[in-house]
Amino acid sequence: RIHPRASRDKGWWGAARAKMAEEAATEMAALSVEGEGESKAAKAAAARAADRAAKAEWYAKRIAFFEGFKAREDAKVQAAKDAEVPFTVVLPDGNEVAAVRGSTTPMDIALGISKGLAKKCVVASADGQPWDLKRPLGVASHGDKVSLKLHTFDDAEGKETFWHSTSHILGEVLEAEYGVDLTIGPAIAEGFYYDCYMGDRVLTEADHVPIKATMEKAVKDKQEYQRIEVSREECLSMFQENKFKVEILNGLPEDAIISVYRVGPMVDLCSGPHIPSTEMIKALDVTQCSRAHWRADVKREPLMRVYAVAYPEAKLLREYQHRIAEAKKRDHRVLGVKHNLFFFNGLSPGSCFWMPAGARIYQALVSFIREKYWDYEYDEVITPNIYNFDLWHTSGHAAHYRENMFGFSVENQDFGLKPMNCPGHCVMFRERRRTYRELPMRLADFGVLHRNEFSGALQGLTRVRRFQQDDAHIFCRPDQMEHELTSFLKFLDEVYGVFGLDYEMALSTRPDDFMGEIELWDQAESALRTVLDATGREWYLNEGDGAFYGPKIDITVFDALKRKFQCATVQLDFQLPQRFDLKYTTEDGTARPIIIHRAILGSVERMSAILVEHFASKFPLWLSPRQVMVVPISEKNAEYAKEVRAILRRAKLFVDVDLSANTMQKKVREAQLSQYNYILVVGKQEEVEGTVNVRTRDNKVHGMHKVRKLAELLAFEREQRLKGSIMDGLKVADQAESNKAAAAAAGGGDDAAKAGKGKGGGKKEGKQKGGGGKGGKGGKGGKG
């Protein structure tokens, strides 16, 4: 056992603790001479100094508590070693490894396979449960055999564990350097954060560098992560100085067994698991400081949230930093203003003003989905924006969602702006008697929705108060579920394919607080599994993560920078049909429909933001708000430029003419920077021949084309929603046609080359001899 004083004074923490004590003493001494006239600021500084001194001592006591309980854990492990009770560890490939219950760890198993594997491992799973690599296996919950999986950083489990482990290092530094009260520090999609209470103090960007530097010192100390289990009372004794931890603990059952981890001087209650040592952390960075609130409640204590990332290789950090730098360039809030697409104004916070160019993108997305609705036989409906709150009491939103709604009184009755469409669609369904022959009923609605998001949570187009969704609800029979779900996933795949967005899917199953009949849940989950398997795509299982009213498929999309976004959703709902008493007649009575909530874009606003960043404003023609710019070489060609514009506008293309006094070269460059897909240069020759000289925004010159023919080509590109320029396709087609003609002109050279077993045809036109290329050595016709 390590002596508490020796432990707490080891590494960077010893110097930090001495520094805290010295600073506190200095501040107290300075304040003691100010006398009766000390200022409020001085009093506040004195209070902070006293608090830091007290916390430094408490951190030391907390370590002593931990080591006392750790001695108990060590004794258990030693007893297990001495008892040598055997059990079996089963590896993913089916191999079985003999082990000692309560003593053998996943790290022992990894080392038995190879040292290289052990070095790469981050965490394990034992019987499906996350497990520390150095935590003994064969505990009471394990049977005679334990299934073991080892995870590296490449796995989702590995990343989560790695980042959550590094969050403890961040917490360690925040406690030691700033004397904060820590709250929670989870892993997120990429990286982690730690929330902490600092009173009225704040952290800024200037704190990033010192926090990072101190974290790196802690990492270099090669601190081990140690785990103990304690009772709730024992845990409370360790965290009396932190009211947030006490609140968490008081919310647990009295007989709860709680895991507590220590790394360096930092001790925290945590479910784990963690990496074995900070030695695995090779690169890290502090990325952001922002404000938050305890329990995400604006009425509770204000917190500071510090974000950071960490990696087992320095190159991974560099790749991350490159992605972030690129993401800043693509930020839709920046590009939206730069390209005059949209803006926000304090007169209506969280509600976007769409400029003409931005509205073109918005309407293109809506039109695209409307076309798909026709293909998949959805019926679009229009529903009210304002409802009496009686509707929301029936749906349950009044009890659980009211604070997120905009409400007001009309003639002494409560009304509210709708935050979603499903209750209104339920009213439509029950408006008259329905029969089983009418199902499935697919109701689609682009109605305007409002949600009362906190002003601090608003963020560009991704978090707004006013928005529209490609929202639809399918009312169907249980035997129709599978077909409707299959059809939806096909619909989704086609839409995301046009966008060039990759995606992944996860099945979220029955939670503990589910509502409805378990048989119906089983049937629904079985249908979801079947349709997911039928897609041929890999999918994941989120056990117990479904909504209380039904299971769902969560869909996550990836943009060009491989960032994740939640947009599409498909959820089964057994509750709303019951709350609204929805029924349809069957051949032998009545039955309740199942509702499938589904969306593909999610909100049009959010998808617009994603696509602006995905394409970096270089939209494909069909989605582009600026499709064609006509550039007259001089004023003499201005009238012809206007004629060209009129012809292309008749083909429903967005066309502008640059009539400025700039040079032709400058006009072209400005059009390219404005991301016009096509720039058409017109001069005297083009006017005489009825042509335009075509170039694209990537500065490729495609030469002369007849205006009317070009209008047809561009209309085809738009209507087919091609990802790239049709001009590139034409070049390929022209080259293929040219090669074909050359081969034909060779008079059978290819056949002769084949007969002579030569290389006939040649790889480059310039080296062909009569079209046949270099002849084969085995036949006379080799040279064509």
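Conventions and cut-offs
In every chain, residue numbers begin from 1 and rise along the written sequence. For this predicted model, a pLDDT threshold of at least 70 governs which residues receive local features, and a threshold of 80 or more governs which side-chain atom pairs are given and counted, while totals over whole chains, interfaces and linings are taken from all residues. Heavy atoms throughout the structure, all of them, feed into the side-chain values; hydrogens and water do not. At least two bridges found by DSSP between two strands is the condition for calling them paired. Numbering of helices and strands runs from the N terminus, with a helix taken as a DSSP run of H or I at least four residues long and a strand as a DSSP run of E at least two residues long. Lines fitted to C-alpha atoms define the axes here, with helix axes fitted over just the stretch in contact, and angles between the N-to-C directions of these axes take values from 0 to 180 degrees. Pairs of residues are marked as contacts when any of their non-hydrogen atoms sit within 4.5 Å. Residue types Ala, Val, Leu, Ile, Met, Phe, Trp, Tyr and Cys, when buried and joined through side-chain atoms within 4.5 Å, form a set referred to as a nonpolar core. Exposure categories follow from relative accessible area, calculated using a 1.4 Å probe and restricted to protein chains: below 20% of the type maximum is buried, above 50% is exposed, and the middle band is partly exposed. Each salt bridge in this description consists of a side-chain nitrogen of Lys or Arg and a carboxyl oxygen of Asp or Glu lying within 4 Å of one another. Each crossing gets its hand from how the near helix is turned against the far one by less than a right angle, where anticlockwise is left-handed and clockwise is right-handed.

**Q** Would you explain the sheet that holds strand E5 (residues 145–152) in this entry?
**A** Consider a sheet: its strands pair through backbone hydrogen bonds, and that pairing is either parallel or antiparallel. On the basis of which strands lie adjacent, the open sheet formed by 5 strands has the order E2-E1-E5-E3-E4 and mixed pairing. Edge positions in the sheet fall to strand E2 (96–100) and strand E4 (129–131), since each has one partner strand and no second. The mean angle between the axes of side-by-side strands here comes to 35 degrees, regardless of whether they run parallel or antiparallel. Together, strand E1 (86–90), E2, strand E3 (121–126), E4 and E5 form the strand contacts of helix H4 (residues 106–113), whose direction differs from that of E5 by roughly 70 degrees.

**Q** Just checking my understanding: could you explain the nonpolar core for this structure?
**A** Nonpolar side chains in soluble globular proteins tend to be buried together. Tyr 496, Phe 499, Ile 553, Ile 555, Met 607 and Leu 623 are the most contacted members of the largest nonpolar core, which has 65 residues in total. Among the elements that make up this core, the one with the highest residue count is helix H16 (residues 481–499) (10 residues). The residues touching Phe 499, leaving out its near neighbours within four places in the chain, are Leu 365, Phe 368, Leu 601, Met 607, Leu 611, His 614, Phe 615 and Trp 622. With 40 residues, the next largest nonpolar core counts Leu 174, Tyr 194, Cys 289 and Ala 308 among its residues.

**Q** What's the story with the pattern of salt bridges in this structure? I'm lost.
**A** If charged atoms from side chains of opposite charge come close, those side chains can pair. In total, this model carries 48 salt bridges according to the counting rule given. Across the salt bridge formed by Lys 245 and Asp 268, the nearest N and O atoms sit 2.7 Å from each other. One end of the pair, Lys 245, is in helix H9 (residues 243–250); the other, Asp 268, is in strand E11 (residues 266–269), and 23 residues separate them in sequence. Judged by its relative accessible area of 3%, Lys 245 is buried. Each of Lys 243, Glu 247, Arg 295, Arg 300 and Glu 301 takes part in a single network of salt bridges with overlapping partners.

**Q** For this particular structure, what's the right way to read the environment of Val 692?
**A** Relative to the helices and strands, Val 692 is located in strand E34 (residues 691–696). Placed 18 residues apart in sequence, Val 692 and Leu 710 show a C-alpha to C-alpha distance of 8.7 Å. Those residues in contact with Val 692 that lie beyond four places of it in its chain are Val 644, Leu 680, Val 681, Val 682, Glu 686, Gly 703, Met 704, His 705, Val 707 and Leu 710.

**Q** Explain the packing of helix H12 (residues 356–375) against H16 here, please?
**A** How two helices sit against one another is set out by the angle between their axes and by the gap between those axes. The contact between H12 and H16 brings their axes to 11 Å, and the two run at 145 degrees. Where H12 crosses over H16, the handedness of that crossing is right-handed. The segment H12 lies against H16, with Leu 365, Phe 368, Ile 369, Lys 372 and Tyr 373 engaging Phe 491, Glu 494, Val 495, Val 498 and Phe 499.

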